[in-house]
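Residue-level structure breakdown
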Amino acid sequence: MWTGETDDKQLRLIHAKDGELLYMAAITAWQPGKNDDVEHGFAIVTVASVGGIVDIHDRKPIVLTPEAAPERTSSDTSVESALELLSSPPSESAFKWYPLTRQRSNVKYQAPNTNHPTAI
């Protein structure tokens, strides 16, 4: 996630404290058997940030629990049930975030410290 003014962006890594995968709610026009192109891309669904994460960005993705993700994407799940799954995401205390080296914004930068915390 990039934060800051346009000419002074700071990259931050955000991940689950427990090291588990993050399942984010998204919308898409993609369908099985269709091409992967810009017309069939996706968008991450976000909500207003609260807690400590609001200090780095005013929006956050809706993160689903590993148990809720398959149910949310099932065609058997009702709209009401899907909305309920989206309304109870993990709290900000379930995540950890820190700044990464600004050099990471250059695709040619391949040093081993690209995912390690750095001082701002």
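Broken down by element type, the chain carries two helices and nine strands. Counting all 120 residues of the chain, 22% fall into the buried class. Restricting to contacts in the chain with at least 6 residues of sequence separation, those with at least 24 account for 45%. Accessible surface, the chain: about 8,600 Å² in total, of which carbon and sulfur atoms supply 54%.

Core analysis: the largest hydrophobic core is formed by seven residues, namely Ala25, Ile62, Leu64, Ala68, Ala69, Leu85 and Leu86. Taken together, the elements giving at least two residues each to this core come down to helix H1 (68–73) and helix H2 (79–86). Discounting chain neighbours no more than four positions away, the residues touching isoleucine 62 are Tyr23, Met24, Ala25, Val45, Thr46, Val47 and Leu86.

A few words now on H2. Looking only at H2, the buried set comprises Ala82, Leu85 and Leu86. End-on view of H2: buried residues confined to an arc of 100°, all on one side of the axis. Those residues of H2 that are exposed and angled more than 90 degrees off the buried face are Glu80, Leu83 and Glu84. Lining the buried residues of H2 we find strand E8 (63–64) and H1.

Here we take up the confidence of the model for the chain. Of the residues in the chain, 81% have a pLDDT of 70 or more, and the chain-wide mean is 77. When mean pLDDT is compared element by element in the chain, strand E3 (residues 23–24) scores highest at 88, while strand E1 (residues 2–3) scores lowest at 55.

Take a nonpolar patch on the surface next. Taken together, the side chains of Leu22, Met24, Phe42 and Ile44 make up a nonpolar region of the molecular surface, amounting to roughly 360 Å² of accessible area. Position of phenylalanine 42 relative to the elements: it lies in strand E5 (residues 42–44).

So, about the environment of lysine 60. Mapping lysine 60 onto the fold places it in strand E7 (residues 59–61). Along the backbone, lysine 60 and alanine 48 are twelve residues apart, and their C-alpha atoms lie at a distance of 6.2 Å. Apart from the residues within four sequence positions on either side, lysine 60 is in contact with Val45, Thr46, Val47, Ala48, Ser49, Val50 and Glu92.

Calculation rules
- Residues numbered from 1 in each chain as written.
- Predicted model: local features only at pLDDT ≥ 70, side-chain atom pairs only at ≥ 80, totals over all residues.
- Heavy atoms only, no water.
- Helix = DSSP H or I, 4+ residues; strand = E, 2+ residues; numbered from the N terminus.
- Buried < 20%, exposed > 50% of the residue type's maximum accessible area, 1.4 Å probe, protein only.
- Contact = heavy atoms within 4.5 Å.
- Areas by Shrake-Rupley, 256 points an atom, 1.4 Å probe, with all protein chains shown as cover.
- Core = buried A, V, L, I, M, F, W, Y, C linked by side-chain atoms within 4.5 Å.
- Arc of directions from axis to C-beta.
- pLDDT = per-residue confidence, 0-100.
- Patch = residues over 30% accessible without salt bridge, like charges linked within 9 Å, V, L, I, M, F, W, Y side chains within 5 Å.
- Salt bridge = Lys/Arg side-chain N within 4 Å of Asp/Glu carboxyl O.

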